[in-house]
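Close look at the chain arrangement
Here's the letter readout for the chains.
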Amino acid sequence: MSRVLMVSSEAAPFAKTGGLADVLGSLPPELNALGDECAVVLPRYGAIDVRASEKVFERMRIYLGGGYYECDIYQKVQRGTKFFFVEHLGLYGRDGFYGDRYGEFGDNHVRFAALCSAALGVARYLFPTQIFHCHDWQAGLLPLFLKNFVTGDPAFYGAKSLFTIHNLGYQGLVDRSKLWDAGVEDRFYRSDLLEFNGMASLLKSGLVFADALTTVSPRYAQEIQTPEYGFGMDGMLRARSGVLHGILNGCDYEEWDPRTDRHIVANYSADEPGGKVGCKLALLEEFGMGHRIERPLIGIVSRLATQKGFDLVASVLDEMLGWRDATLIVLGSGEEAIENQFSWYASRYPDRMIFWRGYNNELAHHIEAGADLFLMPSRYEPCGLNQMYSLRYGTLPVVRATGGLDDTIDAETGFKFWRFESWDLAECLRHALAVYGDKDRFEKMRQSAMGRDYSWAKSARQYSELYRELLES
Ligand code: ADP
Ligand code: GLC
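Residues numbered from 1 in each chain as written. Chains lettered and ligands numbered in written order. Predicted model: local features only at pLDDT ≥ 70, side-chain atom pairs only at ≥ 80, totals over all residues. Heavy atoms only, no water.

Broken down by element type, the protein chain carries 16 helices and 20 strands. Rg of the C-alpha trace for the protein chain: 23 Å, near the compact-globule value of 23 Å for 473 residues, within the 12% margin. Judged by the C-alpha coordinates and their principal axes, the protein chain covers about 70 × 45 × 40 Å. Relative to its full complement of 473 residues, the protein chain shows a buried share of 60%. For the protein chain, the share of sequence-separated contacts (at least 6 apart) that also reach a separation of at least 24 residues comes to 70%. Accessible surface computed for the protein chain: about 18800 Å², of which carbon and sulfur atoms make up 49%. Seen as two clouds, the 50 positive and the 63 negative side-chain charges of the protein chain have centres 1 Å apart. (Helix = DSSP H or I, 4+ residues; strand = E, 2+ residues; numbered from the N terminus. Rg over C-alpha atoms; globule rule 2.2 N^0.38 Å. Buried < 20%, exposed > 50% of the residue type's maximum accessible area, 1.4 Å probe, protein only. Contact = heavy atoms within 4.5 Å. Areas by Shrake-Rupley, 256 points an atom, 1.4 Å probe, with all protein chains shown as cover. Lys, Arg positive; Asp, Glu negative; His and termini not counted. Charge placed at Lys NZ, Arg CZ, Asp CG, Glu CD.)

Structure below.
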């Protein structure tokens, strides 16, 4: 049994922009169920309502650079897990987690350095901790603080840190001159420590100082050690390959299972799949397209970021929506160029393409249940959760074979293409549509997909084992 404090900028249901939040909402309760003791620290953003939480610490002083911040700590127990919210109005009490309509906040390095420092405070006063489990660049300074600044403090004797890379593409870059505001002395600005291409990287801080590293799928753990996927950090990741592990994320079947899903019009399962067609009809009718029930319906739910590969999709839409007469529904928001691309195609094919711009959890469930195929043509994908949700909903994934997509999808459960080329995507979609036309074959694949089990328990056991090894090392 290990006492683990997770540090993250997101956790569902409190603050979510992507899969990171899903992981922080699901993994800690699963670890607690296994017998570890796991809690989570995250910022109390403006949007988090703390009225139902308990204030457990007042005016905790956080020293960074030349000054200090006074934070209040709130605690809420959710699914048997303690979530600690760090409240400081000046740092977190704004709209947006990382930025607003004017762009990224200029003080993110301070905001997240303060989160790391506050997490140490939580460990000292509220939740004695053996393992600090840090997620992505926002928690990257904690291993540095732990190894360098609190070594004489008995509260941290024997404590270890684990750093999980959810996405190497976000590196927490900050100008050298600003490091001091984040509590880091200039001596850490070295090519073997935080320096990265002329900037300081808070992600690199985690990669260098943590006792062990994980990524969210075995395949991604290999990929990031290559120049193609390493974002310039592959060399140092190869050097740390002995402590780098790939642990696949799980799927939270309490939230994402058509058998019990509260958001869909008809529940169904592999044994009783009848309800799925009702879900498809309801989804199409939501957008006045009920008459297209016989046509294959392709769904997309995603952040619209370059990572996700949607630039490839543009070149195949004329064929898929045009003479192959498929229907496409896209839910997402993000980079303007990708949003514009989908808006343009939606106006070109108003009777067979829907683009819902924004974030909508309800509609995400309707799409998982209602679509026939689910498209994820990612350039790279550390794990990806939606393809796992899609399997359970019998919505066959069409994916590029990278990262967790490669690890979770095979020829019995979905459709894969390898090279990041529009021709390869087109071929893959043609094949998927041909299989859709062969009802028996499609049904058989659906059955296999719905039978796959990616529940969190297996991943949680792997983390638990890793914590144990770390504490024994
Ligand atoms: P990433 O973390 O890279 O965005 P994942 O596949 O790991 O990708 O997780 C994405 C999560 O965010 C899923 O739970 C997905 O349903 C959700 N999501 C993404 N975009 C939207 C959206 N526009 N509306 C609702 N949910 C969304
Ligand atoms: C990141 C990755 C995604 C992964 C998620 C949760 O946002 O882009 O692939 O599933 O983190 O680990």
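From this point, things continue past the structure.
This part takes up helix H1 (residues 19–34). Residue pairs three or four apart in sequence face the same way in an α-helix, which turns once every 3.6 residues. With 16 residues, H1 extends 22 Å from end C-alpha to end C-alpha; this agrees with the ideal 22 Å at 1.5 Å per step. Against the buried residues of H1 lie strand E1 (3–7), strand E2 (37–43), strand E5 (81–87), strand E8 (131–135), helix H12 (386–392) and helix H16 (456–472). At the exit of H1 stands Gly 35, carrying a positive phi of roughly 115 degrees. (Expected span 1.5 Å × (residues − 1).)

Relative orientation of the contacting elements helix H9 (residues 311–323) and helix H14 (residues 422–437) amounts to 40 degrees, with a least axis distance of 9 Å. Considering the angle they form, H9 stands oblique to H14. Like other packed secondary-structure pairs, H9 and H14 cross with a definite hand, here right-handed. For the pair H9 and H14, the contacting residues are Leu 312, Val 313, Ser 315, Val 316, Glu 319 and Met 320 in the first and Ser 422, Leu 425, Ala 426, Leu 429, Arg 430 and Leu 433 in the second. For the contact of H9 with H14, the per-class residue count stands at eight nonpolar, two polar and two charged. (Axes fitted to C-alpha atoms, helices over the stretch in contact; angles between N-to-C directions. Parallel < 35°, antiparallel > 145°, perpendicular 65-115°, else oblique. Left-handed = near helix turned anticlockwise from the far one by under 90°. Nonpolar A, V, L, I, M, F, W, Y, C, P; charged D, E, K, R; others polar.)

The environment of ligand 1 is formed by 20 residues, the closest being Gly 19, Asp 22, Arg 303, Lys 308 and Gly 358. Interatomic distance of 2.8 Å between a side-chain N/O atom of Lys 308 and an oxygen atom of ligand 1. Between Asn 360 and ligand 1, the recorded distance is 2.9 Å, taken from a backbone N or O atom to a nitrogen atom. For ligand 1, whose accessible area on its own is 560 Å², the fraction buried by protein is 93%. Contributing elements (two or more residues each) for the shell around ligand 1: H1, strand E15 (297–304), strand E16 (327–334), helix H11 (361–370) and H12. The element best represented in the shell around ligand 1 is E15, accounting for three residues. (Near = heavy atom within 4 Å. Polar contact = N/O pair within 3.5 Å; in protein donor to acceptor, adjacent residues only side chain to side chain.)

Moving on: the environment of Asp 271. Along the chain, the position of Asp 271 falls in the loop between strand E14 (244–246) and helix H8 (275–286). Sequence separation of Asp 271 and Gly 172 is 99 residues, and the distance between their C-alpha atoms is 47 Å.

Taken in spatial order, the nine strands of this open sheet run E3-E4-E5-E2-E1-E8-E9-E13-E14, and their pairing is mixed. Each edge of the sheet is formed by a strand with only one pairing partner; in this case those strands are strand E3 (54–64) and E14. On average, adjacent strands in this sheet sit at an angle of 25 degrees to one another, irrespective of strand direction. In the sheet, E2 pairs with E5 via five bridges, with the strands oriented parallel. Paired with Leu 42 across the two strands is Phe 85, which belongs to E5. Sheet strands in contact with helix H3 (residues 108–125) are E1, E2, E3, strand E4 (67–78), E5 and E8, and its direction is about 120 degrees off that of E3. (Pairing = 2+ DSSP bridges.)

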